[in-house]
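# Examination of the molecular architecture
Residues per chain are reported as follows:
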Amino acid sequence: SIPEPQREAWKKHQVQGFTDKDGFEKEVVRHVETTLARSLFNCDEGAAYSATSLAFRDRLITEWNRTQQRQTTADTKRVYYLSLEFLMGRALDNAMLNVGLKDVAKGGIDELGFRIEDIIEQEHDAALGNGGLGRLAACFLDSLASLNYPAWGYGLRYRYGIFKQEIINGYQVEVPDYWLDFNPWEFPRHDVTVDIQFYGNVRKSQDDNGKTVAHWEGGEIVTAVAYDMPIPGYATPSTNNLRLWSSKASSGEFDFQKFNNGDYESSVADQQRAETISAVLYPNDNLDRGKELRLKQQYFWVAASLYDIVRRFKKTKRAWREFSDQVAIQLNDTHPTLAVVELQRILVDIEGLEWDEAWNIVTSTFGYTNHTVLPEALEKWPVGLMQHLLPRHLQIIYDINLFFLQTVEKKFPNDREMLTNVSIIEESQPKMVRMAYLAIVGSHKVNGVAELHSDLIQTTIFKDFVEIFGADKFTNVTNGITPRRWLHQANPRLSELVASKTGGHGFLKDLTQLNKLELSIDDAAFRKEWAEIKYANKVRLTKYIKKTLDVTVNPSALFDVQVKRIHEYKRQQLNIFGVIHRYLALKAMSPEERKKQLPRVSIFGGKAAPGYWMAKQIIHLINNVGAVVNKDPEIGDLLKVIYLEDYNVSKAEMIVPASDLSEHISTAGTEASGTSNMKFVLNGGLIIGTCDGANIEITREIGQENIFLFGTLSEDVEDLRHAHTYGSHTVDADLNKVFEAIQNGTFGEPNDFGAMVAAVRDHGDYYLVSDDFQSYIDTQKMVDNEYRNQDEWIRKCIRSVARMGFFSSDRCINEYAEGIWNVEPLVVN
Ligand code: AZC
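Cut-offs used in this document
Residues numbered from 1 in each chain as written. Predicted model: local features only at pLDDT ≥ 70, side-chain atom pairs only at ≥ 80, totals over all residues. Heavy atoms only, no water. Helix = DSSP H or I, 4+ residues; strand = E, 2+ residues; numbered from the N terminus. Rg over C-alpha atoms; globule rule 2.2 N^0.38 Å. Buried < 20%, exposed > 50% of the residue type's maximum accessible area, 1.4 Å probe, protein only. Contact = heavy atoms within 4.5 Å. Areas by Shrake-Rupley, 256 points an atom, 1.4 Å probe, with all protein chains shown as cover. Lys, Arg positive; Asp, Glu negative; His and termini not counted. Charge placed at Lys NZ, Arg CZ, Asp CG, Glu CD. Near = heavy atom within 4 Å. Polar contact = N/O pair within 3.5 Å; in protein donor to acceptor, adjacent residues only side chain to side chain. Nonpolar A, V, L, I, M, F, W, Y, C, P; charged D, E, K, R; others polar. Pairing = 2+ DSSP bridges. Axes fitted to C-alpha atoms, helices over the stretch in contact; angles between N-to-C directions. Core = buried A, V, L, I, M, F, W, Y, C linked by side-chain atoms within 4.5 Å. Phe/Tyr/Trp six-rings, centres within 6.5 Å; stacked < 30°, edge-to-face > 60°. Lys NZ or Arg CZ within 6 Å of the ring centre and 35° of its normal. Disulfide = S-S within 2.5 Å. Parallel < 35°, antiparallel > 145°, perpendicular 65-115°, else oblique.

## Some thoughts on the overall build of the protein chain
A tally of regular secondary structure across the protein chain gives 34 helices and 24 strands. The C-alpha atoms of the protein chain give 28 Å as radius of gyration, which agrees with the globular expectation for 829 residues (28 Å, within 12%). Projecting the C-alpha coordinates of the protein chain onto the three principal axes gives extents of approximately 95 × 75 × 60 Å. Burial analysis of the protein chain (829 residues in total) assigns 60% to the buried set. Here the analysis covers contacts within the protein chain between residues at least 6 apart in sequence; of these, 77% occur between residues at least 24 apart. In the form shown here, the protein chain has an accessible surface area of approximately 33,000 Å², with 51% of it arising from carbon and sulfur atoms. Here the protein chain contributes 92 positively and 114 negatively charged side chains, and the mean placements of these two sets differ by 3 Å.

## Details of the site of the ligand
In the region of the ligand, 15 residues are neighbours, and Asn286, His371, Asn479, Glu671 and Gly674 sit closest. Within the side chain of His371, a nitrogen or oxygen atom sits 2.6 Å from an oxygen atom of the ligand. Here an oxygen atom of the ligand sits 3.0 Å away from a polar atom, N or O, in the main chain of Ser673. Burial of the ligand by the protein chains amounts to 95% of its free accessible area of 430 Å². Classifying every residue of the shell around the ligand by side-chain character gives five nonpolar, seven polar and three charged.

## Here's the deal with the sheet that holds strand β1 (residues 78–82)
Spatial ordering of the open sheet is given by β7-β10-β11-β4-β1-β12-β13-β17-β18, a layout of nine strands whose pairing is mixed. Edge positions in the sheet fall to β7 (187–198) and β18 (474–476), since each has one partner strand and no second. On average, each strand axis in the sheet is tilted by 25° relative to the strand beside it, whichever way the strands run. Where β7 meets strand β10 (residues 220–232), nine bridges bridge the pair, whose relative direction is antiparallel. Looking at β10, one finds that Phe187 is bridged to Asp228.

## Quick word on the nonpolar core
Counting 231 residues, the largest nonpolar core has Trp245, Phe577 and Trp821 as the members making the most contacts within it. With eleven residues, the top contributor of residues to this core is helix α10 (residues 292–315). Those residues in contact with Trp821 that sit more than four places away from it in its chain are Lys77, Val79, Tyr81, Leu144, Ala328, Gln330, Ile813 and Tyr816. Core analysis: the next-biggest nonpolar cluster, separate from the first, contains 22 residues, Phe18, Phe24, Ala48 and Ile109 among them.

## Quick look at the side chain of Glu342
Tracing the chain through its elements places Glu342 in helix α12 (residues 338–350). Exposure remark for Glu342: the relative accessible area of 4% places this residue in the buried category. For Glu342, the side chain forms a polar contact with the side chain of Arg345, separated by 3.1 Å. Apart from the residues lying within four places of it in its own chain, the contact partners of Glu342 are Tyr299, Val302, Ala303, Leu306 and His393.

## Concerning the sheet that holds strand β15 (residues 425–426)
Sheet architecture is open: three strands sit in the order β14-β16-β15, paired in antiparallel fashion. Of all strands in the sheet, those with a lone pairing partner are β14 (380–382) and β15, marking the two edges. Two elements, β15 and strand β16 (residues 432–434), share two bridges in a ladder whose sense is antiparallel. Each residue of the ladder has a partner; that of Ile425, found in β16, is Val433.

## Re the packing of aromatic side chains
Summed over the entire model, instances satisfying the criterion amount to 29 aromatic pairs. Centre to centre, the rings of Phe404 and Phe465 are 6.0 Å apart; their planes meet at 5°, and the pair counts as stacked. Taken together, the positions of Phe404 in helix α15 (residues 391–411) and Phe465 in helix α19 (residues 463–469) put the pair 61 residues apart, joining distant regions of the chain. Accessibility expressed as a relative area gives 1% for Phe465, which makes it buried. Put simply, the rings of Tyr80, Trp152, Tyr154 and Trp245 touch in pairs and so form one group of aromatic residues. The ring of Phe469 carries Lys473 above its face, with NZ or CZ at 3.6 Å from the centroid.

## Some details on the state of the cysteines
Scanning all chains against the criterion turns up zero disulfides. Left unpaired, Cys812 is separated from the closest cysteine sulfur, that of Cys139, by 9.4 Å.

## Details of the packing of helix α32 (residues 769–788) against helix α33 (residues 790–802)
The contact between α32 and α33 brings their axes to 5 Å, and the two run at 105°. Judged by the angle between their axes, α32 and α33 are roughly perpendicular. Only Gln790, Trp793 and Lys796 of α33 make contact with α32, whose side of the interface consists of Val783, Glu786, Tyr787 and Arg788. Of the residues belonging to the contact of α32 with α33, the class tally is three nonpolar, one polar and three charged.

Structure, rendered in structure tokens:
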């Protein structure tokens, strides 16, 4: 660092961020004219967006630097959140609101000849995630910064995020999402690199004391380069860091020999192979496909992150036994589980610690969050692949397993079945490494993401581990969402109305203050304004539907929304079968009877994994139903079916505030938590849902009179499945009529949907669509009836919002901090 005498000059010129409109405009013009090399003669909305973002980025970087200095000086424990996905969405609006300068920017941008809304719309979503797991990580980053926790996120800088979805002739088509063309929010750190090793072999030698030492040698080296994204807290100067690693050929790797010998192509090929590691996000949600490149991504990211964390720790010159007093690492699902093995390797092979001492450090450092019980999502890697790619790590895994099984053996003598069941190595053909088991054994806490889910993991998939380690190791932290993005940013008018009734914007930092809303519930003017805001949000969505799909929908109709990844367990098929049932019922009515029906718009959105054939069929059916229903003159406004293309975070910010009713209708016991359910209720929409995931806790908080619950309970699911397979499984008349309509070609070529119908009718109906259909239809009827009484409906919405305080990700992060990480916020003076 700079010697004392010269520091004066630095202090004198310290960058002071803009604080008013003039200062903001000056920065924008400077960036347009210098950074972008443009002028007032050729500044379009894109350039105005870029310059505005750069102006805000400069501010964030200044606070980011100060925050890092503060944290280093304070020398307190830090949290590292390892996630293969961060579904961030747009950054500009969030940055403006979090630093409290959106109004300043709005005024300034206006004077410079643009509208802030148009500028915001220019930004490409940072879509480095699939769905709930990735968005949760993004909400957590916002809360960690807002609550002043010293915390870093670590992930991968994918060149291609989740694909862009186009709907062509009713089918999903995937288009690559190249999002890095211009990204003002990232900060390349070409000086922060880590060389990562793959393949090779292990040589053992004896050191001077006769101790065996392992040396991992040979193989190939790929370099990880850090890219940092500042994460501003809301109404605090704290600005945390999200570090994403990008892969490139190591300078040693680029084969100059080949190059000089004229083998230019193959030396370029090596380079490309290295860059492939961080090239694409795997587009599967809740599914593990076991691809070698995915394992490479995992190790690459984990090894670079741990190297960084260990390097930072070593600068403090503390003893290794203090490691877990300084470092807490959270594993977001099993994707980063190799971190357990890597830290053990660093401590034993490189730092020379004894196995047991190292293992104590490892297990007190890590916590593991499970996000699903679906068997197809639980990661397993073939032993052979692990051996090939990471030979030393496989040895360490075998040793971890050996010592673990020895303790199990002691506790449960002669219980061979127990040993087989809990072994980290599955004795299958081929043998597999069970990553969840490794994560449990390597962590001091394991948590699920909603009460039902945490109960389920403890009584089903991880039951034996509860017996082995005791119940204390297992806990629940119910998910949450950040009210900054999901209320203040997405629904500014509602946020202002709430502020006016709760005494300011304090609720954005302490969401339980929403409860003050109930005091105003009898205020007719308040309810009227509430209803107007919802209507305005619906009008905005109506215009978007008109613009993108050329379908006219009536904003006074009930907007019924299901937006999320397409998955059989989430049961969009139940929804569309219900829509068909409604359509058939309307068709069968006399014109007089029809006039009495409540108009409804069924809105769908979401991506299917490119290889998930059944999910793509579901998308196709929804679109075909829309094509028929939307132009049926007998139906008119009574029913419209809309498929919104390319559902993502920024679209969610428009859709969520516009819903009257949203659907969270997974087969009980399959949706670990769900988080959009929380977003919809927080924005004054009611929900129809099953007794699953966080729906259960939402019901407990807001009251069962404010939610439409239906369907099988999770404890009955197994018996029903068994009965479908071994008993006689019949489908009721209403659902059969739906199937008949599909099969007589009402919605296009019946063969296209044969498998979908057969899955329910003939192949065991694993997701219990037939069992829940009748109660779903009945509950939708109740919804229609209740919606007619608008005054009562709005009271329900207000009461629900008032009781949603629990679902802030701030509450959630505080629970992790206290119960798992043992970290404290760093108070900013
Ligand atoms: C999701 C769960 O499916 C969802 O219910 C939960 O709300 C979310 O995590 C956040 O906890 N899981 C995933 O996206 N993916 C995996 C592999 O579980």
